[in-house]
Amino acid sequence: MTTKQRLNQLLFDRLRNDYEVSIDHSGVSGNRLASRLAELANIGLTEDDGCNRISFSKEERQAKELVKTWMKEAGLTVVEDGAGNVFGRLEGKEELPAVLSGSHVDSVPNGGHFDGPLGVLAALEVAEAWKETNFQPKKPFEVVIFTDEEGARFNGGLTGSRAFTGEFDLEQQVKLNDFDGRSFQEVVEADGLSAEGFLEAKRDFSTVDSFVEVHIEQGKRLEKQDLPVGVVTGIAGPCWLNVTFKGKAGHAGNTPMNDRNDALTAASEFVLQVQKLPSTVSSSAVATVGKLQVSPNGVNVIPGEVRLTVDIRDIHEDTRNQLTELVIQAAERISDNNDIELSIEETLKVSPVPIDETMQAKAGQAAQEILGKEAFYLPSGAGHDAMVVGRYVPTAMLFTRSKDGVSHNPAEWSSLYDCVQTVHVLKKFLEKLVE
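These numbers were taken from a predicted model, which means no experiment stands behind them.

1. Remarks on unusual backbone geometry
1) Next: Residue Pro 296 follows Ser 295 across a cis peptide bond; omega there is 5°.
2) Next: The backbone phi angle of Asp 226 is positive, close to 55°, even though this residue is not glycine.
3) Next: Along the polypeptide, Asp 226 turns up in the loop between α9 (221–225) and β6 (229–235).
4) Next: For Asp 226, a relative accessible area of 57% gives the class exposed.
5) Next: Here the phi dihedral of Asp 339 falls at roughly 55°; this positive angle occurs in a residue that is not glycine.
6) Next: Within the element layout of this structure, Asp 339 appears in the loop between α11 (317–337) and β12 (341–349).
7) Next: On the basis of relative accessible area, Asp 339 is assigned to the exposed category, the value being 58%.

2. A closer look at the UniProt feature "domain: Peptidase M20 dimerisation" (unreviewed entry) in the protein chain
1) Next: Feature annotation in UniProt assigns "domain: Peptidase M20 dimerisation" (unreviewed entry) to the following positions: residues 235–334.
2) Next: End C-alpha atoms of residues 235–334 are separated by 31 Å, and the span's content is 32% helix alongside 35% strand.

3. So, the packing of aromatic side chains
1) Next: Applying the stated criterion across every chain yields a total of 16 aromatic pairs.
2) Next: Arranged with centres 6.1 Å apart and planes meeting at 40°, the rings of Phe 168 and Phe 184 form a pair that is tilted. With Phe 168 in the loop between α5 (159–165) and α6 (170–173) and Phe 184 in helix α7 (residues 184–190), the pair connects residues that are 16 residues apart, well separated along the chain.
3) Next: We classify Phe 168 as buried; its relative accessible area is 7%.
4) Next: Look at Phe 184 and you get buried, because its relative accessible area is 0%.
5) Next: In this structure, Arg 14 packs its charged tip against the face of Trp 413, placed 3.6 Å from the ring centre.

4. Points about the pattern of salt bridges
1) Next: The full count for this structure, using the stated rule, is 24 salt bridges.
2) Next: A salt bridge links Glu 59 to Lys 58, with the nearest nitrogen and oxygen atoms 2.9 Å apart.
3) Next: Using a relative accessible area of 19% as the deciding quantity, one classes Glu 59 as buried.
4) Next: Among the salt bridges present, the one from Arg 391 reaches Glu 167, with a minimum N-O distance of 3.0 Å. Highlighted residues: Arg 391 in the loop between α13 (385–389) and β15 (395–400) and Glu 167 in the loop between α5 and α6, separated in sequence by 224 residues.
5) Next: Each member of the salt-bridge network shares a partner with another, and the members are Arg 61, Glu 65, Lys 68, Glu 80 and Asp 191.

About the cut-offs
All chains use their own residue numbering, which begins from 1 and follows the written sequence. The model is predicted, so local features are restricted to residues of pLDDT at least 70 and side-chain atom pairs to those at 80 or more, both for listing and for counting; the totals for chains, interfaces and linings are taken over all residues. Side-chain descriptors were evaluated using all non-hydrogen atoms of the structure, hydrogens and water having been removed beforehand. A run of H or I in DSSP becomes a helix once it reaches four residues, and a run of E becomes a strand once it reaches two; helices and strands are each numbered from the N terminus. Note on classification: 1.4 Å probe, protein chains only; a residue is buried when its accessible area is under 20% of the maximum for its type, exposed when over 50%, partly exposed between these limits. UniProt positions are given in the numbering used here, feature names are shortened, and annotations may be inferred rather than shown by experiment. Each Phe, Tyr or Trp ring, with Trp reduced to its six-membered ring, pairs with another whose centre is within 6.5 Å; inter-plane angles below 30 degrees give stacked pairs, above 60 give edge-to-face pairs, and intermediate values give tilted ones. We count a charge as sitting over a ring when the NZ of a lysine or the CZ of an arginine lies within 6 Å of the ring centre and within 35 degrees of the ring normal. Whenever a carboxyl oxygen of Asp or Glu lies within 4 Å of a side-chain nitrogen of Lys or Arg, that contact is scored as a salt bridge.

Okay, structure coming up:
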């Protein structure tokens, strides 16, 4: 047995350990889902047992081709558009707009094995279950793999879904170089694509009824509720601020405490304020200072300048904007009180996407029917392809419980029980949409 085969078997065995076979029903197979998750995990496997399938790499391509094979085995007609997005289509009884479901198969460097692939394989498992139970939907159904969701290669992301919706900016994209200095055009051509093909990938949305994405939660809310699956209420839109506090560097020994313009003291006070502000505007708002640079950064030097970033998010645009203003006001107040110069630059502002209430209700009803208890609703703080697609068609998301909330890490884990229960909820939900 090769090393890859051994690791494949280990992941498969871990998924199957303590699995409740009783939830294999209605054509859904936990064994099949576990086997496919394990097989995909071998593509781009790292020494840490993580996943390294960077967008437009041979590994992402290999994963797409493998899923294409499974799509064909499930009786789906497979096409790939100019952006490398893959669609496996099951024709409906009537010529109507299609219901779509899926996610992505690319990863961050040394990421986990569930972020993205679970959404693709959950949608495919629904198609497999329909095949086994001889169910043909009234509306067509398409399993989707979106290209380059993570954006690890060009520090962007959501490239496939942006091309799908027509939001792709070719002029800006071709200016980008990856971590090896290779241009966007050079990279995509090596993957068998062309830069111009991304413009041709725009979908006619009169042919799309709705979109549903399954994703791991990447948080602890479901774990705290002891629930395998939840219904997403909205996808947060980030606002990024570059904040600079500029004081005066000086000798740490010879400058009295009452005669200092310490930029780090002001920045520290600001960081603490950022932590306190979100709860004053919204239960779903968050704010994070994740990057900080101190200058001159010497042991015996009073910090003269501190540059930091603030990541502000909420699923509601009004409260996100309100929080942004409060953060700016706090920075201004603190800089004035400490006799520190201040500059603030907004570098990113993406509108949040609230989930369609009708879609939420149908998803919640499906979850209640499967789990036998009231559905749990929660926001998404991270961006997803659903955030882009949701601006054009009714869209919903289901979250699967994440162990310890870990994501983008080899330790990322969702039990097979939770994954299969999510498939059942997705199947029930999709059946409400395709009829």
